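# Structural characterization, general
The lines below spell out each chain.
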Amino acid sequence: RRGTVVLPFHLEYRHIYVMPTRFGSWFGVLLALTVVGGLNFNNNMALLFGFTLAAIAQLTSFLAYRNLAGLTLASIQAGPVFAGEATRFRVFVNNPEPRHRYALQLCSEEAADALDIEPGRSACFVLQQQTGIRGWMQMEPFNLETRVPLGMFRAWSVIIPFTRCLVYPRPANNPPPLPRTGRGDDGIAKAGE
């Protein structure tokens, strides 16, 4: 809905989405059953246990969001390739803040790459994309995501880059031999030349 991203792109609160994973959903069901059981049997320890785990789960959603917030997509580069080969898009992500970013993953439909980024450093993620026909090929959208710290929540941002890669025509498999001279006067080579 936002359209293409102009680089450098700074991830802010409105660009990051957070949803529970399958594990987080089942953990929520287990917490609900624990709290209902504690209310049913009037057991304060079960209620304390349930609400403490719920608070921890809520904090992990904030930490997953915080692991992405503030990152900067500095640039995306790709070299030219021949048709039929896989191109490698190099995505440079910068961490300008003084805290580690753990288990960041770039995912597209065809490839994924995961790295940690140290404070004040950059990292280079590599996404491969299969080429089809020659000409300019647009990079497909990808997600920058994390499931840190406990895997209960998935925080992600959808990136739609305006990055292209030049795809050259595929070289011939069995090409004819090159002419022996470069004169080109008559268009064909004479015997002995």
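Up top you'll find the structure we're talking about.
In every chain, residue numbers begin from 1 and rise along the written sequence. A pLDDT threshold of at least 70 governs which residues receive local features in this predicted model, and a stricter bar of 80 or more applies before side-chain atom pairs are shown or counted, although totals over entire chains, interfaces and linings include all residues. Water and hydrogen atoms play no part in the side-chain values, which are based on all heavy atoms of the structure.

Glancing now at the overall build of the protein. Here a helix means four or more residues in a row that DSSP labels H or I, a strand means two or more in a row labelled E, and each is numbered from the N terminus. Regarding its fold elements, the protein presents two helices and 12 strands. Mapped from its N terminus to its C terminus, the protein presents α and β elements in the order β-β-α-α-β-β-β-β-β-β-β-β-β-β. What you see for the protein is a C-alpha radius of gyration of 26 Å, clearly larger than the 16 Å of a compact globule of 193 residues, by over 25%. With the C-alpha coordinates aligned to their principal axes, the bounding extent of the protein is approximately 105 × 30 × 30 Å. Across the 193 residues of the protein, 32% fall into the buried class. Counting contacts in the protein only where the partners sit at least 6 residues apart, residues at least 24 apart contribute 65% of the total. Surface exposure here means Shrake-Rupley accessible area, sampled with a 1.4 Å probe, where a residue is shielded only by the protein chains that are shown. Only carbon and sulfur atoms are counted for the fraction: they give 59% of the accessible area of the protein, which is about 12,300 Å². The globule rule is 2.2 Å times the number of residues to the power 0.38, and the radius of gyration it is compared with is taken over C-alpha atoms. The rule is simple: take the accessible area with a 1.4 Å probe, protein chains only, and divide by the maximum for that residue type; under 20% is buried, over 50% is exposed, in between is partly exposed. Any pair of residues with heavy atoms lying within 4.5 Å of one another is described as a contacting pair.

Our focus in this paragraph is the pattern of salt bridges. We define a salt bridge as a side-chain nitrogen of Lys or Arg found within 4 Å of a carboxyl oxygen belonging to Asp or Glu. Enumeration over the complete set of coordinates arrives at six salt bridges. Between E97 and R99 there is a salt bridge, and its shortest N-O distance comes to 2.5 Å. The salt bridge involving E145 is made with R147; its shortest N-O contact spans 3.7 Å. It is possible to trace a salt-bridge network through shared partners that takes in E97, R99 and R101.

Right, let's talk about the side chain of T131 for a bit. With respect to the secondary-structure elements, T131 resides in the loop between β8 (122-130) and β9 (135-138). For T131, the side chain forms a polar contact with the main-chain nitrogen of G84, separated by 3.0 Å. A distance of 2.5 Å separates a polar atom in the side chain of T131 from the backbone oxygen of E85. Leave out the neighbours within four places in its chain, and T131 touches V81, F82, A83, G84, E85, T87, M137 and V167. In protein, a polar contact requires one atom able to donate a hydrogen and another able to accept it; more generally it is a pair of N or O atoms within 3.5 Å, and residues adjacent in sequence count only if both atoms are side-chain atoms.

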